[in-house]
Amino acid sequence: LDVGPSTNLCSHGDATGLMSTFGESAKVFVRENTSHDTESFGFALLTSLAIITGCSAAFHVLYQRFPQLYDLSSELKEASLRPTVPSGIFGWAKASFNLRLDDMMDEVGMDQTMLLEFTHFGMKAMFGIGVPAMLILAPLHSTSTHDADLLSWISLSNADEEWIIWVHVFFVWYVVLFVLYLVWHVQRGRVRSRRSHWLSKQQEPMATSLLVEGIPEKARTEESLAKFFNKIFDKQVVKAASFVRDTSRLLPLLEERDQVSEELAEEVCLHQQSQHGVGGSDPFHLQQMEDLEKRYKRIAAEVEEVAELIFCSQNFAYDAAFVTFCDRRHAEFARRLKYSDDPTVYRVSMAPAPSDVNFSSFSNTTANLVKGRALLGRLFVASVFFFFLPVVIGISSMLSVDSLSQMAPGLKDWATEHTWLMAAWEALWGTSLLSMLMDLVPWILREVFRRFYRLRSGAKCQHKIQRWYFFFLVVFVLLVTAVGTSLFEAAARFAQAPLQVWWLLADQLPHATNFYLRYAVLLWGTPFVDLLRCMPLFRFWRALNLGESGHFAKQLAEPEDQAFHGIGARSARWTLHVVLGLTLCSLQPFIPMILGFGFLFRRLVFGFLIVFAETRKPDLGGQLWRVQMQHTQLGLVIYIMVMTLILLDREESMVAAILAGSSGFFVALFWFWYPTLLDLHSLPVQQAEQSATIVGRCADPDSAEDIDCFTAPYLQPELEQSLPVALRSQSQRSHHWADLDRALQEASDQGQSARGHLEIASETRPPEPTRSRRKSTGSLLTCLCSSFSGWV
């Protein structure tokens, strides 16, 4: 690379060898600044403005056509605190702009509220850094010899005056102090109060439920687990307990039952059509219906028998259970106690939402198998990192103008005559290809985490996606100029000489700032594309065409894809934009200004989507925000290292580089002063309510009837579909556990079958009250089957 005499880093060690071996390969889609970059930037800006205009107009039409998809307030006016959306083409923007996040937190949850708060943080950080940079650094850079490219006039690569480096030293300290102040201010003024509010307003059953893992085998019954906690508190404190059970024998039966119900429903429809025909009822359809009904009843009875066997036997219980307490205070006490010297026994944590529990992660596998699956999952994640960049480089090389000219010789002459089209292609293909291929990474990570990691809930999966996806973006967007075309080679070079990679990054970043300018301005249009909600719109439109009501079509359309559009991937991408602005603010003062406007657009768009259009998601109470703040501190460290190495390369700037690098010690000192600043505190026991809440009504803690009749909220869906209502209530189960297990053990000793077990157990079963049984929810057409005998 020809970097000029003023920014020559080749004098430091073997950096020259690094530059010659892979410096050119890193420019395949992250190109150096050229004289055509101003035209490319202008075309990228026009493209973003065209996307914003077109998507805004399309959204206005779609909002008028499908209001139920884009406005939850139209259906929840009485039961929701969401304001109404004003009319007009920009009514959605007015509604989003006028939102107060504290008022909406009860509706959307703390994690989504803090995601919107991060847009405020991003705007404050980018404009707070970008405005001084444009007023101070940009004029200083432009006073030196002008490069051929107009955008490079205000970049650091254009500055050759030695005294300018001292201005950058003070600016580095300003950026560090300003960002740390923003972190401190938002944590003290926003996060802690919202965390306390979220804890105090937590809904049942999450507020009073705990996940208990590592339960000894002898205590794996609901009755024994309840006695364990009741004995600790010396009174009845457990309202319900549900063990996670092995339902591998039940799931195939449920699939068979649902399949038969679908076939029976189809035969019912055919029979109705034949009755209205000329020949009347068809005897063939009647016979088919009778056979299917007998088969359905037989399978349904077998499903109920197997479900009762799994539900009532200790042999099918895993070592994990959900315990619901009578009130919040006892749940908080129970969560903070230590129950065993062995850390793997009686591990207690907050329970996720019942609808978000991943019951398949509780499989009773050995420790070696769990470790093996986790190791295999890490290998898959590593393969995504190591093989992603060669794929991107290969595809981008094939789509370059030179490669296309070789395949079509006449294209080169045509491109020479139409230079503006070549500039437009160069402006879009590199950044667009990088963005599109990176959109696939969250989906790959989600599938790996689901299959190889034991994540107890979907929210935990989002939390893991956020961490790994952010590091992926940092490596392949920010550090790509130092990585080159192969992460294998970069890792080997880093192992041999760790500082040389940072030398290379500091050398090449000042001469690739125009690429990031185009990247930042193209990000303006992405929120407005998300505003259209393309995939939910397609599912909603398809459901309406199939004759479904608008309300039911809305349920089928939600939620949006939780891999790319989930809160984990969104948090990682938005944090990357802040880190980009921090790292490049001194190199190109215009970048943080563009990113600041990008956060403004995200605040408007996602303020509307999260509050008015999207359904509520499971909540972790601010854990994703905490990771965003940690990643922001990592961005500060990268910025300090890059600027220190750039200043160190300048002649007679050793003191300046040391002063700039010393700001890193202040970052460390900041966390020494405030070690618990990012901690997520628990609800104080004094504030925990002692009164229980059951389905929206207060229950008397001294009343055993409310506790006995309470149905466990964390029952597995397949068991909830298959068991009678009476058996799922605590009053019927508490009398049946010991007798049934004793009968099953005696029958097992005699070598009887599972059906014989149930016959023996049925003799000890107390008479069930006359209560209706729950219908299967496995199929929308099953309701037709129950009425078949009455009218045929």
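Peer 1: I tried to follow the overall build of the protein chain on my own but got confused; where do I start?
Peer 2: Across its full length, the protein chain carries 37 helices and 6 strands. Going through the 792 residues of the protein chain one by one, you find that 53% of them count as buried. By sequence separation, contacts in the protein chain at least 24 residues apart represent 82% of the contacts at least 6 residues apart. Summing over all exposed atoms, the protein chain offers an accessible surface of approximately 35900 Å²; the carbon and sulfur share of this is 60%.

Peer 1: Is there a simple way to explain the side chain of Ser361 in this structure?
Peer 2: By the secondary structure assignment, Ser361 is in the loop between strand S4 (347-350) and helix H12 (367-398). Beyond its immediate chain neighbours, meaning those up to four positions away, Ser361 contacts Arg454, Leu455 and Arg456.

Peer 1: Would you explain the sheet that holds strand S1 (residues 209-213) in this entry?
Peer 2: The strand order across the open sheet built from 4 strands is S2-S3-S1-S4, with neighbouring strands paired in antiparallel fashion. What marks the edges here is a single partner per strand, and that holds for strand S2 (238-245) and S4. This sheet shows a mean twist of 25 degrees between the axes of neighbouring strands, independent of strand direction. The sheet contacts of helix H11 (residues 328-336) involve S1, strand S3 (317-325) and S4, and relative to S4 the element is tilted by about 135 degrees.

Peer 1: Please explain the packing of aromatic side chains as it appears in this structure.
Peer 2: Each pair of aromatic rings is reported with the distance of its centres and the angle of its planes. For the structure shown, the criterion picks out 41 aromatic pairs. Seen in terms of ring centroids, Phe229 and Phe325 are 5.5 Å apart; in terms of plane orientation they differ by 85 degrees. Their pairing is edge-to-face. In this pair, Phe229 is assigned in helix H8 (residues 222-233) and Phe325 in strand S3, connecting sequence segments 96 residues apart. You can call Phe229 buried: its relative accessible area is 0%. On the basis of relative accessible area, Phe325 is assigned to the buried category, the value being 0%. Here Phe515 and Tyr516 contribute two aromatic rings whose centre-to-centre distance is 5.1 Å and whose plane-to-plane angle is 80 degrees, an arrangement assigned as edge-to-face. Each residue in the set Phe59, Tyr63, Tyr70, Trp92, Phe127, Trp524, Phe528, Phe597, Phe601, Phe608 and Phe612 is aromatic and connected to the rest through ring pairs, giving one cluster. Residue placement shows Arg245 over the ring face of Phe311; its charged tip is 5.7 Å from the ring centre. The ring of Phe599 has Arg602 lying over it, and the distance from NZ or CZ to the ring centre is 5.3 Å.

Peer 1: Is there a simple way to explain the nonpolar core in this structure?
Peer 2: Soluble, globular proteins show a tendency: their nonpolar side chains are buried together. Grouped together as the largest cluster of nonpolar side chains are 146 residues, with contacts concentrated most on Trp92, Val175, Tyr469, Phe472, Tyr516, Leu580 and Phe608. Broken down by element, this core gets its largest block of residues, 16 residues, from helix H7 (residues 164-200). Beyond its immediate chain neighbours, meaning those up to four positions away, Trp92 contacts Phe59, Val85, Phe528, Leu531, Leu604, Val605 and Phe608. Residues Ile299, Val303, Ile310 and Phe316 belong to the second largest nonpolar core, which totals 21 residues.

Peer 1: Before we go on, may I ask you to explain the pattern of salt bridges in this structure?
Peer 2: Oppositely charged side chains can pair when the atoms bearing their charge come close. With the rule as written, the count across this model stands at 23 salt bridges. For Arg533, the salt bridge goes to Glu558, with nearest N and O atoms at 2.8 Å. Of the two residues, Arg533 is situated in the loop between helix H22 (526-531) and helix H23 (534-545) and Glu558 in the loop between helix H24 (550-557) and helix H25 (567-584); the sequence distance between them amounts to 25 residues. Take Arg533: its relative accessible area is 5%, and that puts it in the buried class. It is possible to trace a salt-bridge network through shared partners that takes in Arg533, Lys554, Glu558, Glu560 and Lys617.

Peer 1: Sorry if this is basic, but what is going on with the environment of Lys338 here?
Peer 2: Here Lys338 is to be found in the loop between H11 and S4. Overall, the relative accessible area of 69% leaves Lys338 in the exposed class.

Peer 1: What exactly am I supposed to notice about helix H5 (residues 101-108) here?
Peer 2: Along an α-helix, residues three or four apart share an orientation, since each turn contains 3.6 residues. For H5, the full list of buried residues reads Leu101, Met104, Met105, Glu107 and Val108. Projection of H5 onto a plane perpendicular to its axis shows the buried side chains occupying an angular sector of 170 degrees, all on one side. Backbone geometry just downstream of H5 places Gly109 in the positive-phi region, at approximately 95 degrees.

Peer 1: How do you make sense of the side chain of Thr119 when you look at a structure like this?
Peer 2: Among the secondary structure elements, Thr119 is positioned in helix H6 (residues 110-142). At 2.3 Å, the side chain of Thr119 and the backbone oxygen of Leu116 are in polar contact. If sequence neighbours within four positions are ignored, Thr119 has contacts with Trp574, Phe599, Arg602 and Arg603.

Peer 1: Looking at this structure, how should I read the layout of surface pockets?
Peer 2: Unoccupied space between atoms shows up once a probe the size of one water molecule is rolled over them. Roughly 890 Å³ of volume is contained in the largest pocket. Forming the boundary of the largest pocket are 32 residues, of which Met206, Ala351, Pro352, Ala353 and Asp619 lie nearest the centre. Elements that contribute at least two residues to the lining of the largest pocket include exactly H5, H7, S1, S4 and helix H17 (458-478). Of the residues contributing to the lining of the largest pocket, the split by class is 12 nonpolar, 7 polar and 13 charged.

Peer 1: Is there a simple way to explain unusual backbone geometry in this structure?
Peer 2: Along the chain, Glu204 connects to Pro205 via a cis peptide bond; the corresponding omega equals 0 degrees. Backbone torsion omega between Glu558 and Pro559 reads -5 degrees, so that peptide bond is classified as cis. With respect to the helices, strands and loops of the structure, Pro559 is situated in the loop between H24 and H25. Of note, Asp234 is a non-glycine position whose phi angle comes to about 60 degrees, a positive value. Looking at where Asp234 falls in the secondary structure, it is placed in the loop between H8 and S2. Among the residues examined, Asp234 registers a relative accessible area of 70% and is labelled exposed. For Tyr346, which is not a glycine, the phi torsion comes out positive at approximately 55 degrees. What makes Tyr346 buried here is its relative accessible area of 12%.

Peer 1: Sorry, what's going on with H25 here?
Peer 2: If you check H25, its first and last C-alpha atoms are 26 Å apart, about what 18 residues at 1.5 Å a residue would give, namely 26 Å. The buried fraction of H25 amounts to 18 of the 18 residues, a majority that puts the element mostly inside the structure.

Peer 1: What is the right way to read a nonpolar patch on the surface from this model?
Peer 2: Taken together, Trp166, Phe170, Val655 and Leu659 make up a surface patch of nonpolar side chains, about 420 Å² in accessible area. Breaking the nonpolar patch down by element, the ones donating at least two residues are H7 and helix H28 (654-661). Secondary-structure assignment places Phe170 in helix H7. Looking at Phe170, the relative accessible area reads 63%, which means it is exposed.

Peer 1: Can you walk me through the packing of helix H2 (residues 37-65) against helix H21 (residues 513-522) in this structure?
Peer 2: A pair of packed helices can be characterised by two numbers: the angle between their axes and the separation between those axes. Their axes nearest at 8 Å, the elements H2 and H21 cross at an angle of 10 degrees. As far as their axial angle goes, H21 and H2 are roughly parallel. Counting all contacts with H2, which are made through Asp37, Ser40, Phe41, Ala44, Leu45, Thr47 and Ser48, the residues of H21 involved are Asn514, Leu517, Arg518, Val521 and Leu522. For the contact of H2 with H21, the residue count by class is 6 nonpolar, 4 polar and 2 charged.

The rules behind the values
Residues numbered from 1 in each chain as written. Predicted model: local features only at pLDDT ≥ 70, side-chain atom pairs only at ≥ 80, totals over all residues. Heavy atoms only, no water. Helix = DSSP H or I, 4+ residues; strand = E, 2+ residues; numbered from the N terminus. Buried < 20%, exposed > 50% of the residue type's maximum accessible area, 1.4 Å probe, protein only. Contact = heavy atoms within 4.5 Å. Areas by Shrake-Rupley, 256 points an atom, 1.4 Å probe, with all protein chains shown as cover. Pairing = 2+ DSSP bridges. Axes fitted to C-alpha atoms, helices over the stretch in contact; angles between N-to-C directions. Phe/Tyr/Trp six-rings, centres within 6.5 Å; stacked < 30°, edge-to-face > 60°. Lys NZ or Arg CZ within 6 Å of the ring centre and 35° of its normal. Core = buried A, V, L, I, M, F, W, Y, C linked by side-chain atoms within 4.5 Å. Salt bridge = Lys/Arg side-chain N within 4 Å of Asp/Glu carboxyl O. Arc of directions from axis to C-beta. Polar contact = N/O pair within 3.5 Å; in protein donor to acceptor, adjacent residues only side chain to side chain. 1 Å grid on protein atoms, 1.4 Å probe; cavity = no way out; pocket = protein on both sides within 12 Å on 5 of 7 lines; lining within 4 Å. Points joined across faces, edges and corners; volume = space filled by probe spheres on them. Nonpolar A, V, L, I, M, F, W, Y, C, P; charged D, E, K, R; others polar. Expected span 1.5 Å × (residues − 1). Patch = residues over 30% accessible without salt bridge, like charges linked within 9 Å, V, L, I, M, F, W, Y side chains within 5 Å. Parallel < 35°, antiparallel > 145°, perpendicular 65-115°, else oblique.

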